[in-house]
Amino acid sequence: MNNATTEKRFDTWLFTGFWVGSSLLLGGLLLLPILVLLLHPQPAELLSLLLSRQLLDALRVTLLTSTTSLLLIFLLGLPTAYAVSRFAGRYRFIIDFCLELPMAFPSLIAGIALLLAFGRRGLFGQLLLTWDIRIPFTPLAVILVHIFVLAPFFVRRAAVLFDQIDPQLEEAAQLLGASPFFTFCHVSLPLCHRALLAEAIMIFAQSIGMFGAVILFAGNLPGKTRTLTLAIYDAFESNPEQAFGLATLLLIGSSLLLLTGRLLLRSRRIVGNL
Amino acid sequence: MSRLKFDINFRRGDYQLEASFAVADGLTLLIGPNGGGKSSLLRLLAGLEQPLSGQISIGGRKLLDTEQKINRPPSARNIGMLFQELALFPHLDVSGNVAFGLKARGVDASRRRQKVAAILARFEMSKYAGSQIRQLSQGERQKVALARALVTEPQLLLLDEPTAALDQESRWQFRRWLSEILRDWQIPMLMATHDPADTAYFRKRILLLEDGKIRQHGSYHQLLHAPTTPFVADFAGVNYLLGEICRPQGKLIFRSRGGSIFLAPFEKVREGQACLTVFPWDVSLYRERPAGSPRNQLYGKIQDVIILGDRVRITLVKADKLVAELSTRGYQALGEPRSGEMLWAVFKARESRIENLAVL
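What you are looking at is a predicted structure, and each value in this text was computed from that prediction instead of being measured.

Reading guide: rules and limits
- Residues numbered from 1 in each chain as written.
- Chains lettered and ligands numbered in written order.
- Predicted model: local features only at pLDDT ≥ 70, side-chain atom pairs only at ≥ 80, totals over all residues.
- Heavy atoms only, no water.
- Helix = DSSP H or I, 4+ residues; strand = E, 2+ residues; numbered from the N terminus.
- Contact = heavy atoms within 4.5 Å.
- Areas by Shrake-Rupley, 256 points an atom, 1.4 Å probe, with all protein chains shown as cover.
- Lys, Arg positive; Asp, Glu negative; His and termini not counted.
- Charge placed at Lys NZ, Arg CZ, Asp CG, Glu CD.
- Domains from an automatic or database assignment.
- Salt bridge = Lys/Arg side-chain N within 4 Å of Asp/Glu carboxyl O.
- Buried < 20%, exposed > 50% of the residue type's maximum accessible area, 1.4 Å probe, protein only.
- Core = buried A, V, L, I, M, F, W, Y, C linked by side-chain atoms within 4.5 Å.
- Phe/Tyr/Trp six-rings, centres within 6.5 Å; stacked < 30°, edge-to-face > 60°.
- Polar contact = N/O pair within 3.5 Å; in protein donor to acceptor, adjacent residues only side chain to side chain.
- Pairing = 2+ DSSP bridges.
- Axes fitted to C-alpha atoms, helices over the stretch in contact; angles between N-to-C directions.
- Parallel < 35°, antiparallel > 145°, perpendicular 65-115°, else oblique.
- Nonpolar A, V, L, I, M, F, W, Y, C, P; charged D, E, K, R; others polar.
- 1 Å grid on protein atoms, 1.4 Å probe; cavity = no way out; pocket = protein on both sides within 12 Å on 5 of 7 lines; lining within 4 Å.
- Points joined across faces, edges and corners; volume = space filled by probe spheres on them.
- Patch = residues over 30% accessible without salt bridge, like charges linked within 9 Å, V, L, I, M, F, W, Y side chains within 5 Å.

Student: Run through the overall build of chain B, naming residues and quoting values.
Tutor: For chain B, the count of helices and strands is nine helices and 21 strands. Taking the principal axes of the C-alpha coordinates as reference, chain B spans close to 80 × 50 × 35 Å. A separation of at least 24 residues holds for 63% of the contacts in chain B among residues at least 6 apart in sequence. Summing over all exposed atoms, chain B offers an accessible surface of approximately 16900 Å²; the carbon and sulfur share of this is 48%. Measuring between centres, the 51 positive side-chain charges of chain B sit 2 Å from its 37 negative side-chain charges.

Student: Explain the domain arrangement of chain A residue by residue, including any values.
Tutor: We note that the domain assignment places domain 1 (1-39) and domain 2 (43-273) within chain A. Relative to domain 2 of chain A, the C-alpha centre of domain 1 of chain A lies at a distance of 37 Å.

Student: Before we move on, could you go through the pattern of salt bridges and cite the residues and values that matter?
Tutor: As enumerated under the stated definition, the model contains 23 salt bridges over all chains in all. With a shortest N-O distance of 3.4 Å, Asp96(A) and Arg92(A) are connected by a salt bridge. Pair noted here: Asp96(A) and Arg92(A) are both in helix H4 (residues 92-104), with a separation of four residues, about one helical turn. Given the relative accessible area of 14%, Asp96(A) is considered buried. Across the pair Glu341(B) and Arg287(B) runs a salt bridge, and its minimum N-O distance is 2.6 Å. Taken together, the residues span a long stretch of sequence, with Glu341(B) in the loop between helix H9 (328-333) and strand E20 (342-347) and Arg287(B) in the loop between strand E16 (283-286) and strand E17 (297-308) at a distance of 54 residues. Taking the relative accessible area as the measure of exposure, Glu341(B) reaches 27% and is therefore partly exposed. Connected through salt bridges with shared partners, the residues Arg92(A), Asp96(A), Glu100(A), Arg156(A) and Asp163(A) form a single ionic network.

Student: Describe the nonpolar core, and please don't skip the residues or the numbers.
Tutor: When a protein is soluble and globular, its nonpolar side chains tend to lie buried together. Grouped together as the largest cluster of nonpolar side chains are 93 residues, with contacts concentrated most on Phe6(B), Ile8(B), Leu45(B) and Leu158(B). No other element matches helix H7 (residues 139-163) of chain A, which puts 13 residues into this core. Those residues in contact with Leu45(B) that sit more than four places away from it in its chain are Leu4(B), Phe6(B), Ile8(B), Ile56(B), Arg77(B), Ile79(B), Leu158(B) and Leu190(B). Counting 56 residues, the second-largest nonpolar core is a separate cluster that includes Val98(B), Ala149(B), Phe174(B) and Val232(B).

Student: Residue-level account of the packing of aromatic side chains, with values.
Tutor: Applying the stated criterion to the full structure yields 15 aromatic pairs over all chains. Ring plane angle 75 degrees and centroid distance 5.5 Å describe the contact between Phe182(A) and Phe100(B), whose orientation is recorded as edge-to-face. Taken as a pair, Phe182(A) in helix H9 (residues 180-191) and Phe100(B) in helix H2 (residues 94-104) lie in two separate chains rather than in one. Per residue, the accessibility class of Phe182(A) equals that of Phe100(B), and both read buried. Pairing Phe89(B) with Phe100(B) gives two aromatic rings, centres 4.5 Å apart and planes at 45 degrees, and the pair type is tilted. Highlighted residues: Phe89(B) in the loop between strand E7 (79-82) and H2 and Phe100(B) in helix H2, separated in sequence by eleven residues. The class for Phe100(B) is buried, based on a relative accessible area of 4%. Each member of the aromatic cluster is reached from another via a ring pair, and the members are Phe123(B), Phe174(B), Trp177(B) and Trp185(B).

Student: Could you give an account of the side chain of Thr65(A), naming the residues involved and the relevant values?
Tutor: All names here are of chain A. Counting through the fold element by element, Thr65 comes out in helix H3 (residues 53-87). Looking at Thr65, the relative accessible area reads 1%, which means it is buried. Reaching out from Thr65, the side chain makes a polar contact with the backbone oxygen of Thr62 at a distance of 3.2 Å. For Thr65, the residues in contact, after removing those within four places along its chain, are Pro139, Val142, Ile143, His146 and Thr227.

Student: Mind laying out the sheet that holds E17(B), listing which residues take part and the relevant values?
Tutor: Residues and elements named next belong to chain B. In space, the five strands of this open sheet follow the order E16-E20-E17-E18-E19, with antiparallel pairing throughout. This sheet does not close on itself; its edge strands, each paired only once, are E16 and strand E19 (321-327). On average, each strand axis in the sheet is tilted by 45 degrees relative to the strand beside it, whichever way the strands run. Looking at chain direction, E16 and E20 are connected through four bridges and run antiparallel. By the bridge assignment for E20, Tyr286 is matched with Trp344.

Student: Account for the packing of helix H2 (residues 43-50) of chain A against helix H13 (residues 240-264) of chain A, with residues named and values stated.
Tutor: Residue and element names in this part refer to chain A. Between H2 and H13, whose axes approach to 10 Å, the crossing angle comes to 85 degrees. Taken together, the axes of H2 and H13 lie roughly perpendicular to each other. Where H2 approaches H13, its residues Glu45, Leu46, Leu49 and Leu50 are matched on the opposing element by Glu241, Gln242, Gly245, Leu246, Thr248 and Leu249. Here the residues of the contact of H2 with H13 are counted per class, giving five nonpolar, three polar and two charged.

Student: Residue-level account of empty space enclosed by the protein, with values.
Tutor: Counted under the stated rule, the structure contains three cavities of 30 Å³ or more. When its volume is computed, the largest cavity comes out at roughly 50 Å³. Residue lining of the largest cavity: Ala172(A), Leu175(A), Leu176(A), Ile79(B), Gly80(B), Met81(B), Phe83(B), Ala145(B), Arg148(B) and Ala149(B), and that is the complete set. Listed by contribution, the elements that provide at least two residues to the lining of the largest cavity are helix H8 (167-175) of chain A together with E7 and helix H4 (138-150) of chain B.

Student: Before we move on, can you summarise a nonpolar patch on the surface with the specific residues and values?
Tutor: All names here are of chain A. There is a patch of nonpolar side chains on the surface, built from Leu30, Leu31, Ile34, Leu35, Leu38, Leu39, Ile252, Leu256, Leu259 and Leu263 and spanning about 950 Å² of accessible area. Within the residue set of the nonpolar patch, elements represented by two or more residues are helix H1 (2-39) and H13. Ranked by the residues each element gives to the nonpolar patch, the list is headed by H1, at six residues. Along the chain, Ile34 turns up in helix H1. The exposure class assigned to Ile34 is partly exposed, which follows from its relative accessible area of 35%.

Student: Tell me about the environment of Ala104(B), and please be specific about residues and values.
Tutor: Within the fold, Ala104(B) resides in helix H2. Expressed as a C-alpha distance, the spacing of Ala104(B) and Ser75(B), which sit 29 residues apart in the sequence, is 9.4 Å. Among residues more than four places away in sequence, those in contact with Ala104(B) are Leu176(A), Gly177(A), Ala178(A) and Phe182(A).

Student: So, the pairing of strand E10 (residues 205-210) of chain B: which residues are in play, and what are the values?
Tutor: Residues and elements named next belong to chain B. Most of E10 sits inside the fold, with five of its six residues counted as buried. Note that strand E3 (residues 26-31) and E10 share four bridges and pair parallel. From the neighbouring strand, Thr28 faces E10, where its bridge partner is Arg205. Sheet analysis places E10 next to strand E11 (residues 213-218), joined by five bridges and oriented antiparallel. Among the inter-strand pairings, Leu209 is bridged to a residue of E11, identified as Ile214. Hairpin connection, E10 to E11: the antiparallel pair is bridged by two residues, and Asp211 has positive phi, about 50 degrees.

Next up, the structure:
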C-alpha cells in the first residue's frame, strides 16, 4: 500500500518534470532568438532605417504585391472553396490532397515550376511572348508566386469554414426565394466573415514572408520585385546591421498582424451558427 | 377546393415513400411515428429532396412533374416553411430575418419595411424588431421564423414539429396563438407532429404517414373512433389493447399482457386474436381498490399526467398502457396524483369495442 503510494508520487513527479522540462526547453529555443533580434538594434537606428530609401521601396513592392495577391486569392478562392465544400462529395479526399501539395513541397520547387510554365522558354511563356508579355522578373511574377503557393492553402481552409455552416440556413434562404448567389452573398459569406478576415491576415503575413520561389521566378530587382524579405537577404550580404534592423521591423509587423488575426477569432464559434 | 395535390415516389437506400394526397385550404396535421416519413414528405414538397417520380401542384400551378420534366427549385416554389430547428439567420436581427425573403425577391426597401412592420405588429413582436435572435426566448424565435415564412405570402405553409422544441407550458400558449394566427391565411397548411396533444388541441383534418405510406386520413373524430393501426389509437389517446379471446364456460374473456378482461358474453367475436378499444373517458380511476365486481380492474403505476386544457389525461402502465381521461375537477377530487403513484383503473366492458383481428 505504502509502496504503491510512493511509486505513484514518483510517477507524478516524473511526469511533471517531463512536461515542464520539455516546454521550457522548447519555449527557450523559440523565444531566445526572437528576444535577441528584438533587443539587438538601437531604437534610433531602427527609426532611421524605417525612413530609408531601401526600406520604403521594398515596403511599397511588398504592400503592392501582397495586397493584389490577397485580393485575387479571395476573388478566385472563395467560389472555389464553396464549390469544394458543397459539390466535391466523394472526390473531396483527392481535392484536399491536391490542395495540400503546394504546402508540402519546398517553395523553391514552386519557383522552378512557375519558370517552366511562364518563363521565356516555358510552355505559356512563349505564347505570352508573341503578345510581348513577359511575366518573370516583374511584380506580376511575385503575385503569381503568392497565388500559386497560398491559394490552395486558403481554399482548403475556407472550404472547412463553409462545411461548418448549418445546411438548413441555406435551405431556408432558398425557400424564401433567394437564388444560390444571393444565398452565398447574404447567408454563407456573412456567417464566416470573421474567420475569413482572420484567414486573410494569415495569407497576407505568409505572402510577405515568401522567399525562395520569389527570388527564383521574380528575381530581386530593387523597386520592382525586391520585397522586404528579399531586402533583408540582400542587406545581409552587404550590411548585416541593416539586415538585423529590417528583420526586427518585419518581426514586429508580422506579430501585430498575427495578433489581430487571433483577436478576431477569439469568439468561441468560428462560424456564426446560433 | 383542394389546392395542394401531390403524388410522390421517393427512395433513399432502404427507405421508400409513396404518398398521394390532396390538401385543402386550412390546417392539416401530418402525424406518424418518427422515421415514418413526415419530414421527408415536407422536404419533398419544398423541393429540398428529389423524388424518383411524381407530381406536385398548388392551385393548378405545377411545381413538379417528372413526366413533363418540370421541377421548380425551392426558391421558385413559393412555399413557406417553419423548420423544426427554425433555421433563423444568426447574423441578422429580427427584422432582418423577416425581411430576408422580401429582399431576395427584390421588393424595394420602403415596401419591405412596411410589410415587416405589419407582420411583426400582427404577431405582437414589434418591440423586438431590432433584437438579435440569440436574445429571444424559444417561443419568440418561433414567432420570428413563422413571420419570416409568411411575410412573402406563400401559397403553401409547411410546419415541421413546431411545438417539439418548447416546454410543456409554452407549448399550450404557442398552440393557442398559432391556431388564432393561422386563421388569417387562406392557404393549405401542413403541420407535421408526433405530439398527440397537437391533434387533440387543433382537432383538424389528419393525415397519417407510417412506413412511408398514407395509412389513414380523415377528421380527428374519425381517427379517434375508428383507428386502423395501433399507432393511430395510441396517438389519438385511445386504448388499443391486443390480446386473445377465449370462451371458458360460457364466459367471454379477453386476455392481454396486462391481465384478463371479462366481456359481455353476447359480443359477436370468435376465439383467437382480437383488439379491444377503450376510450379514455370510459376509464374510471380510484385511489383505493373499488368495492363490488373485481372484474376489469387494473392496478397500475402512473407513467405521465398531461393537462389538456380542462381535461386531464393519465397514462397507467402495468404490462400494457391504459390511458384515462377525466375532468380537471375529477383530477382534483382524486388528490392530483403525479407520475410514479399507483392507481386503480376500472372500465365497463360494454363501453369497449372488440374486434377480431384479421389473420396477422
